[in-house]
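Take a look at the letters that make up each chain.
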Amino acid sequence: MDTSVPMLPSLDLKIDTRGRDGVHAAAVPVEELHYAKAKMDELFLHWLSQKETGQLVSRLIHDVKTGVPVNVPPVPAVLASCLAAPPGLGSPSVDGSPERRLSRDASRSPAGTHLSHLPRSPSSRPGSSPPGGRVRPLSPRPGISPRPSGRTPTSSPPGRLSPPLKVDGRRQLPQFFVPGEGGRGRGRRLEGESLETKRGDIEQAWKHLQTSPEGLEPAQFVQVVRDLCGFPAFFNRPLMRRVLDLYGAKPTAPDPELRVPLDCFMRYWKEEMEPYDGVDRVFRLIKQPGARTIGRQDFVVLVEELLLFHPGLQFLSDHTEFQEKYALTVATRILYTVNTSRTGRITARELRRSNLLEAFQLVDEDEDINRVTLYFSYEHFYVLYCRFWELDTDHDGAVSREDLMRYGGHRLSRAIVD
């Protein structure tokens, strides 16, 4: 007797739809409806999370327990709240899966060269790398408030967004555009940063730090720059000159003799800090008064201040020529990377979309300048300058057409060079 189990027929269900005229539409196999099933599950979970659904279920359970005849609402009324999906709730997407989003990163690292006349960074010499090749994590400086960010907090600020309202049974979206402000919270003033809120902290700083009746000196004002303004320390003298230029006497005195009075800084906070978020504050400080964009020379001033402040660049103190070249190279790298429109000037929108503010904060916190590979690494400058020196055979400070033709062993064609 044959005891083998007979083979079951394969499941081949199809759903046929008929039009109003009775003609069959295209048959859809059941196995191809998993996206529709996932969408229905998503909508069902959303319906279960509604407040009205919880009240309905509680009432039905109470009726069953008390013996009251169950009064089930009509099906269209139940489905109405289910179909009212929240904004942004969409169907599953294969192309938007996390696996595909995680495979889009790449990195580059420049090669090294050597010139005998160029000063070398102390941290770039053999044996200067951290033990085990590991880079120590950066930690915030004690007593410094987090750097202002242009991102919107998770909870809506009071007075900005109102909860969804229902008018005639329909959901009304809250106002998401405010004239004169950026979208998604960008460009909006920071909460708790008004002059009235900060007045006590500012007056306390001047009371504890001021030793001259004329105001705070550069060595004292740096604490205000870091703790109150949230700027890097090398913004110190540029901020002092800007405050005095806008609201005080013109800063004709040398930098060590600069003094910032309390009333001038109060006016600066009211007009240049209070109405803006973190990105706009930095943008307005770097650009020239009255200008709408940032030029390369505006960054050179900041890098020159960094050369005086940063311990990782102290070895350049006796090499004025290379200080100028380093500042110009860093400013050019910033302009090339951030200015995506290639206009030669950086707009507030481009600054907001870049990682420049993160680089400012990193270079202010890390004493090893070469660990900040974004724009400021001296080793990167060393490689760039060595390559430039090799191409500039007559060493006149300019790469001619003939010099550029020799790049990469004459790999560039004349059409590319021209």
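Anything mentioned here points back to the structure above.
Since this is a predicted model, take the numbers as computed values, not measurements. (Residues numbered from 1 in each chain as written. Predicted model: local features only at pLDDT ≥ 70, side-chain atom pairs only at ≥ 80, totals over all residues. Heavy atoms only, no water.)

(A) Looking closely at the side chain of histidine 46. With respect to the element layout, histidine 46 can be found in helix α1 (residues 34-48). Looking at histidine 46, its side chain comes within polar contact range of the side chain of glutamine 50, at 3.1 Å. (Helix = DSSP H or I, 4+ residues; strand = E, 2+ residues; numbered from the N terminus. Polar contact = N/O pair within 3.5 Å; in protein donor to acceptor, adjacent residues only side chain to side chain.)

(B) Seen up close, the packing of helix α7 (residues 236-247) against helix α9 (residues 278-286). Running from amino to carboxyl end, α7 crosses α9 at an angle of 75°, the nearest separation of the two axes being 10 Å. Classed by the angle they form, the pair α7 and α9 counts as roughly perpendicular. Residues Pro238, Leu239 and Arg242 of α7 touch α9, and the partners they reach there are Arg284, Leu285 and Ile286. Of the residues that constitute the contact of α7 with α9, the class distribution is four nonpolar, no polar and two charged. (Axes fitted to C-alpha atoms, helices over the stretch in contact; angles between N-to-C directions. Parallel < 35°, antiparallel > 145°, perpendicular 65-115°, else oblique. Contact = heavy atoms within 4.5 Å. Nonpolar A, V, L, I, M, F, W, Y, C, P; charged D, E, K, R; others polar.)

(C) Quick look at the nonpolar core. Of all hydrophobic cores here, the largest spans 66 residues; its most connected members are Phe221, Phe235, Phe265, Phe299, Tyr326, Phe360 and Phe376. By residue number, the principal contributor to this core is helix α11 (residues 320-338), which donates eight residues. Ignoring anything within four residues of it in the chain, the contact list for phenylalanine 299 reads Ile286, Ile294, Ala331, Ile334, Ile346, Leu356 and Phe360. (Core = buried A, V, L, I, M, F, W, Y, C linked by side-chain atoms within 4.5 Å. Buried < 20%, exposed > 50% of the residue type's maximum accessible area, 1.4 Å probe, protein only.)

(D) Representation of unusual backbone geometry within the structure. Not every positive phi belongs to a glycine, and tyrosine 375 is a case in point at roughly 75°. With respect to the helices and strands, tyrosine 375 occurs in the loop between α13 (356-365) and α14 (378-391).

Interpretation note: all reported values are geometric properties and have no functional meaning in isolation.
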